[in-house]
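# Observations on the three-dimensional arrangement
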Amino acid sequence: MAKVIDSKIPAGPVPEKWKEYKAHQRLVNPKNKLKLDVIVVGTGLAGASAAASLGEMGFNVINLCIQDSPRRAHSIAAQGGINAAKCYQNDGDSIYRLFYDTVKGGDYRAREANVYRLAEVSNNIIDQCVAQGVPFAREYGGMLANRSFGGAQVSRTFYAKGQTGQQLLLGAYSSLSCQVQAGKVKLYTRYEMEDVVIVDGRARGIIAKDLCTGKLVRFSANAVVIATGGYGNTYFLSTNAMGCNCTAAVQCYRKGAYFANPSYVQIHPTCIPVHGDKQSKLTLMSESLRNDGRIWVPKKIEDAKALQAGTKQGWEIPEEDRDYYLERRYPAFGNLVPRDVASRAAKERCDKGFGVNNTGLAVFLDFSESINRLGIDIIMQRYGNLFEMYEEITDVFPGDVANEINGVKYYKPMMIYPAIHYTMGGIWVDYELQTSIPGLFAIGECNFSDHGANRLGASALMQGLADGYFVLPYTIQNYLADQAVWPKVSTDLPEFAEAEKKVDAELDRLLNIKGKRSVDSIHKELGHIMWEYVGMGRTAEGLKTGLKKMHELEKEFDSNLFVPGTKEGLNIELDKAIHLRDFFTMGQLVAFDALSRNESCGGHFREEYQTEEGEAKRDDENYFYVGCWEYKGKGNEPELIKEPLEYEAIKVQTRNYKN
Ligand SMILES: Cc1cc2nc3c(=O)[nH]c(=O)nc-3n(C[C@H](O)[C@H](O)[C@H](O)COP(=O)(O)OP(=O)(O)OC[C@H]3O[C@@H](n4cnc5c(N)ncnc54)[C@H](O)[C@@H]3O)c2cc1C
């Protein structure tokens, strides 16, 4: 049974224990009960929106990020859009329908109540962002434009060309800057949270590293919020920004915060395929492209072989010899099936030998039909920057005519393949977004809350901004209300000193290994293990092998790592080593969770559990729960704690995107 976590701290006089700390205390000014301090770690869409909102509400906010500006957070990478149930298209959308699509898209593994709240506030987000001046695309008549994303049969995705994340972040950043100017938010750029400090069972502060000087700094507050993004880079190659890491989340996990559903990792179907061994990053081609692009491979195996050998090009294959396999298998949703379904279908075709590039691990995304129908100008208005990005990386421009067969123009198709993209799992939070450590909150991609086993496209930005603008600023007050009579602790407390000492000792340990291997070489090897054994198709045997290999590689990391330089000043290799240490913990956690979940659902596909047609086969009788993991020390198996799911509004059934 799940442990029940009570996030309500009873109000009352300062307990005896606190009086002992009196010498260090800065008591709350009784004239200003709102003088409460909150640390917000992260300035992505979740962190920036939360910090700005909390500042505006009168809290004193300490806001940190690892980049040199909040505007460079990973959130700027978001291309395609953000969902909301405005129903501007008059196509039958509603809050209920967004709620339903999200729960179904997540393969019935999300917490129903959270998703309903998310759908309810989705419209407010758009209003908030428009008020900030976010330049969403508009129709000719001035209404905000919408496009469709996977897993929905309505158009509810608001967008700003292929740069939605960047524009939304600029909006959040302007609100944040207002609060910085007003003195309510103190911004620390190029600071990395290394540990959370727990005093008497509550999160009371953090230890951060000034990434430029190497100095460790203590911050104390009445509550700590982490908004530090996902753990996709555990796989080394992913669409995430290179700086994305899970250090803050893993440290919270080590300190007692449960980690929920780590095996729910999203593999995005439309990424530029891996092209060699020297690559350190993969590039996403936004899901929005599936509105107008059609995915196909050749029908005939000899055509596929010719494509792989380079003796034939995609545009030489006529219409009747193309297999639009998503349209064939899922007629109701076609190219707009959810990501997990589209990714597995691409893998299935490539595994059968129908891949279209030299590695055999690619399928086509073709705009010929839509360019012929709408004209290149309209297509460029919608996806211009994505076409240009694709050309910069591959030297192929998808808007170039390549061939004409029977009077039909064929354009150069993109080549795409699934890649690690997003992590649905994350730090466990209750309905108030509080973790299992009182006073510690988690928002945005770093929590597990809303997407179940698979996130629908354009729902991450919705969730991050819902958390930051409309949920956390209210729910955190249920905790802080009682804190008004509690003192903010001093950073001279022994708990801070001890946490700082441990972080410092870790830096020394990593620097003093003085082995022979670079951080990246070990990280790349970890990524191979993750992709091979904990990737798109998992088996019990493979997961056990993966875990064994990870243990061995972690030993190699601990004994043969080489980190140049010192801990004073800027040392990027040292920072990467810290991240890699935590990717090891994370990778094992993903594998443990995947091994314990003997079913397939959403992004977690256990090959032993599939239907005859190769679809994911859930086991609701035994696995209808959130899998929360409690840390039990390095090298030990964590403990599984279950939070049973309760559905009141939606009937749990097998997902169907066919009709
Ligand atoms: C290529 C790409 C395209 C995408 N497109 C879309 C889309 O169109 N629509 C959509 O809904 N979603 C999209 N997503 C997903 C979405 O962008 C992310 O899920 C979302 O932006 C995450 O926001 P966040 O605020 O939770 O975290 P992030 O944006 O990752 O921000 C994390 C913040 O935490 C800080 N940080 C991290 N660790 C520490 C630490 N230890 N100490 C201090 N600070 C720290 C970082 O500096 C940063 O400020 C896309 C993702 C990718 C990779």
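Structure's up top.
Rules of the game
- All residue numbers here refer to positions counted from 1 along the written sequence of the relevant chain.
- Given that the model is predicted, a residue must reach a pLDDT of at least 70 before its local features are reported, and side-chain atom pairs must reach 80 or more before they are shown or counted; all residues, however, enter totals for whole chains, interfaces and linings.
- The side-chain values count all of the structure's non-hydrogen atoms but skip hydrogen atoms and water molecules.
- Each patch is assembled from residues with relative accessible area greater than 30% and no salt bridge, linking like charges that lie within 9 Å and nonpolar side chains (Val, Leu, Ile, Met, Phe, Trp, Tyr) that lie within 5 Å.
- Methods summary: accessible areas were calculated by the Shrake-Rupley approach with a probe of 1.4 Å, and residue burial reflects only the protein chains presented.
- Salt bridge, as used here, is a side-chain nitrogen of Lys or Arg placed within 4 Å of a carboxyl oxygen of Asp or Glu.
- Under this rule, positive means Lys or Arg and negative means Asp or Glu; His and the chain ends count for nothing.
- By convention, the point assigned to a charge is CZ for Arg, NZ for Lys, CD for Glu and CG for Asp.
- Elements are defined by DSSP. Helices are runs of H or I of four residues or more, strands are runs of E of two residues or more, and each kind is numbered from the N terminus.
- Buried means the residue's accessible area, taken with a 1.4 Å probe over protein chains only, is under 20% of the maximum for its type, while exposed means over 50%, and partly exposed covers the values in between.
- Cavity and pocket criteria rest on a 1 Å grid covering protein atoms alone: a 1.4 Å probe that fits but cannot get out defines a cavity, protein on both sides within 12 Å along at least 5 of 7 lines defines an open pocket, and an atom within 4 Å of a point defines a lining residue.
- Grid points are joined across faces, edges and corners, and a volume is the space filled by probe spheres set on the points.
- By the convention adopted, Pro, Cys, Tyr, Trp, Phe, Met, Ile, Leu, Val and Ala count as nonpolar, Lys, Arg, Asp and Glu as charged, and the other residues, Gly among them, as polar.
- Any two strands are treated as partners once DSSP identifies two or more bridges connecting them.
- Only the stretch in contact is used when a helix axis is fitted, and all axes are lines through C-alpha atoms; the angle between N-to-C directions ranges over 0 to 180 degrees.
- Each angle gets one of four labels, with under 35 degrees taken as roughly parallel, over 145 as roughly antiparallel, 65 to 115 as roughly perpendicular, and the rest as oblique.
- When checking whether two residues touch, look at their non-hydrogen atoms; a contact exists if any pair is within 4.5 Å.
- The set of buried Ala, Val, Leu, Ile, Met, Phe, Trp, Tyr and Cys residues whose side-chain atoms join them within 4.5 Å is what this entry labels a nonpolar core.
- Stacked, tilted and edge-to-face are the three classes assigned to paired rings of Phe, Tyr and Trp, where Trp is represented by its six-membered ring and a pair needs centres within 6.5 Å; plane angles under 30 degrees give stacked, over 60 edge-to-face, the rest tilted.
- Lysine and arginine charges are scored as sitting over a ring when NZ or CZ, respectively, is within 6 Å of the ring centre and within 35 degrees of the ring normal.

## Describing a negative patch on the surface
A surface patch of like charges, here negative, comprises Glu388, Glu391, Glu392, Asp395 and Asp400. Position of Asp395 relative to the elements: it lies in the loop between α11 (376–394) and β15 (401–405). Overall, the relative accessible area of 67% leaves Asp395 in the exposed class.

## A word on the layout of surface pockets
Taken as a whole, the second largest pocket encloses approximately 680 Å³ of empty space. Residue lining of the second largest pocket: 27 residues in total, with Leu237, Val274, Leu361, His528 and Trp531 positioned closest to the centre. When residues in the lining of the second largest pocket are grouped by element, the largest group, 5 residues, is from helix α14 (residues 519–533). Of the residues assigned to the lining of the second largest pocket, the class counts are 13 nonpolar, 8 polar and 6 charged.

## Some points on the sheet that holds strand β18 (residues 426–427)
Ordered by their spatial adjacency, 4 strands build an open sheet running β18-β10-β20-β21, and the pairing between neighbours is antiparallel. The sheet is open, and its two edges are formed by β18 and β21 (639–644), each paired on a single side.

## Topic: the packing of α14 against helix α15 (residues 540–560)
For the pair α14 and α15, interaxial distance at closest approach is 9 Å and the crossing angle is 175°. Of the possible angle classes, the one that applies to α14 and α15 is roughly antiparallel. Across the interface between the two elements, Ile522, Glu525, Leu526, Ile529, Met530 and Tyr533 of α14 pack against Gly542, Leu543, Thr545, Gly546, Lys549, Met550, Leu553 and Phe557 of α15. Of the residues contributing to the contact of α14 with α15, the split by class is 9 nonpolar, 3 polar and 2 charged.

## Regarding the nonpolar core
Leu64, Ile82 and Ile226 are the most contacted members of the largest nonpolar core, which totals 178 residues. Excluding residues that lie within four positions of it along the chain, Ile226 makes contacts with Val41, Met193, Ala249, Cys252, Ile427, Leu440, Phe441, Ala442, Ile443 and Cys446.

## Looking at the packing of aromatic side chains
For the coordinates displayed, the defined rule picks out 24 aromatic pairs. Seen in terms of ring centroids, Tyr88 and Phe158 are 5.8 Å apart; in terms of plane orientation they differ by 75°. Their pairing is edge-to-face. In this pair, Tyr88 is assigned in the loop between β3 (82–83) and α3 (95–105) and Phe158 in strand β4 (residues 157–158), connecting sequence segments 70 residues apart. Exposure remark for Tyr88: the relative accessible area of 31% places this residue in the partly exposed category. With relative accessibility at 1%, the residue Phe158 sits in the buried group. Ring centres of Phe367 and Phe387 lie 5.0 Å apart, and the angle between their planes is 65°; this geometry places the pair in the edge-to-face category. In this pair, Phe367 sits in the loop between β14 (363–366) and α10 (368–374) while Phe387 sits in helix α11, placing the two residues 20 residues apart along the sequence. Like Phe387, Phe367 is buried. Taken together, the ring pairs in this structure connect Tyr96, Phe99, Tyr100 and Tyr116 into an aromatic cluster. Geometry around Tyr657 places Lys104 over its ring, the cationic atom sitting 4.3 Å from the centre. Here Arg455 stacks its cationic end above the ring of Tyr422, 4.0 Å away from the centre of that ring.

## Thoughts on the packing of helix α5 (residues 164–181) against helix α12 (residues 459–483)
The interhelical angle for the contact between α5 and α12, taken along N-to-C directions, is 10°, at an axis separation of 12 Å. On the basis of the axis angle, α5 is roughly parallel to α12. Contacts between α5 and α12 involve Thr164, Gly165, Leu168, Gly171 and Ala172 from the first element and Leu461, Leu465 and Tyr469 from the second. Of the residues that constitute the contact of α5 with α12, the class distribution is 5 nonpolar, 3 polar and no charged.

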